[in-house]
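# Working through the structure, step by step
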Amino acid sequence: DAELRKIEAVGASVLTWESPDYPPLLQSIDQPPPVLYVRGTLSAEDRWAVAVVGTRSPSSYGKEVAQQIASGLARNHITVVSGLAFGIDSVAHRAALEAGGRTLAVLGSGVDQVYPERHRDLAEDIMGAGALLSDYPIGTKPEARNFPPRNRIISGLSLGTLVVEAGAKSGALITLQFALEQGRETFAVPGNV
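Residues numbered from 1 in each chain as written. Predicted model: local features only at pLDDT ≥ 70, side-chain atom pairs only at ≥ 80, totals over all residues. Heavy atoms only, no water.

All right, on to the packing of aromatic side chains then. Under the definition given, this model contains one aromatic pair. Judged by centre distance (6.0 Å) and plane angle (55°), the rings of Tyr115 and Phe147 are tilted. Of this pair, Tyr115 sits in the loop between strand S5 (103-106) and helix H5 (120-128) while Phe147 sits in helix H6 (residues 147-156), placing them 32 residues apart in sequence. When its relative accessible area of 15% is taken as the criterion, Phe147 is described as buried. (Phe/Tyr/Trp six-rings, centres within 6.5 Å; stacked < 30°, edge-to-face > 60°. Helix = DSSP H or I, 4+ residues; strand = E, 2+ residues; numbered from the N terminus. Buried < 20%, exposed > 50% of the residue type's maximum accessible area, 1.4 Å probe, protein only.)

What follows is the structure, given as structure tokens:
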């Protein structure tokens, strides 16, 4: 009861494997989260989704390519999934929103703990045209160890994963590895198209 009160207090909902709204693509992966916390709305449209992830320190060119691709996906009714991080993630979310599309942000914290904090306004915009999602309970702080496991959800929600300018030991490549293990399409923009 106390947990349900916390969920209601932050305007979230909770989905389980038994929920009719649990994302079918995510349910088909090897380790789907048994509980998924959601702030915003999931839609049947989100079955057509592509993850756009990459470096936190993109070049101008990387930002431009991520913006063009995410915008094009959104204009064609493809939901853009990312992790709300600095760099490519935030460029992808913003591009989808500016194109009038849907976007989902998967957090490495509770859905009430937006990180980075500078992305609070972006998170609010995402909740109006998509959702914030996490398998971490309400109140979970954004600790470094939470981020690699959440990347399986980013790729698990998506038909394919696009990586833009990722470093050799980046979280984006962890997401790509999960996508490969999940049998999903993978794409990369390592440099000039």
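Let's pick the thread back up.
On to the packing of helix H3 (residues 60-75) against helix H4 (residues 88-98), then. Axis separation between H3 and H4 bottoms out at 8 Å; the angle between their running directions is 35°. For the pair H3 and H4, the sense of crossing is right-handed. When H3 is examined against H4, the residues Gly62, Lys63, Ala66, Gln67, Ala70, Ser71 and Ala74 are found in contact with a partner set consisting of Ile88, Val91, Ala92, Ala95 and Ala96. Partitioning the contact of H3 with H4 into residue classes produces eight nonpolar, three polar and one charged. (Axes fitted to C-alpha atoms, helices over the stretch in contact; angles between N-to-C directions. Left-handed = near helix turned anticlockwise from the far one by under 90°. Contact = heavy atoms within 4.5 Å. Nonpolar A, V, L, I, M, F, W, Y, C, P; charged D, E, K, R; others polar.)

Residues of strand S4 (residues 79-82) alternate between two faces, with Thr79 and Val81 on one and Val80 and Ser82 on the opposite face, all of them buried. Relative to S4, strand S3 (residues 49-54) is paired through three bridges, and the arrangement is parallel. Considered in S4, the bridge of Val50 is made with Val80. As for the winding sense of the linkage, the β-α-β connection from S3 through H3 to S4 is right-handed. As paired strands, S4 and S5 are joined by three bridges and run parallel to one another. When the bridges of S5 are listed, Val81 appears paired with Leu104. (Pairing = 2+ DSSP bridges. Right-handed = clockwise from strand over helix to strand, strands pointing away.)

Direction of pairing for strand S7 (residues 160-164) relative to strand S8 (residues 185-189): parallel, over a ladder of five bridges. Counterpart to Gly160 in the pairing with S8 is Glu185. On the question of chirality, the crossover connecting S7 to the parallel S8 by way of helix H7 (residues 171-181) is right-handed.

Overall, mixed pairing links the eight strands, which are arranged S1-S2-S6-S5-S4-S3-S7-S8 in an open sheet. In this open sheet, the two edge strands, each paired with only one partner strand, are strand S1 (13-16) and S8. Shown here is a sheet whose adjacent strand axes are inclined to one another by a mean of 25°, direction ignored. Across five bridges, the pairing between S3 and S7 is parallel. Paired with Ala51 across the two strands is Thr161, which belongs to S7. Its contacts with the sheet place H4 against S3, S4, S5 and S7, and it is angled at close to 140° to S3.

Counting residues in each nonpolar core, the largest one holds 20 residues, and the members touching the most others are Leu26, Leu36, Val81 and Leu157. Listing elements by their share of this core, those giving two or more residues are strand S2 (35-40), S3, S5, strand S6 (130-134), H6 and H7. Looking at this core, the element that brings in the most residues is S3, giving three residues. For Val81, the residues in contact, after removing those within four places along its chain, are Ala49, Val50, Ala51, Val52, Leu104, Val106, Ile154, Leu157 and Ser158. Ala70, Val80, Ile88 and Val91 belong to the second largest nonpolar core, which has 17 residues in total. (Core = buried A, V, L, I, M, F, W, Y, C linked by side-chain atoms within 4.5 Å.)

Fair warning: the whole summary comes from geometry, so function is off the table for now.
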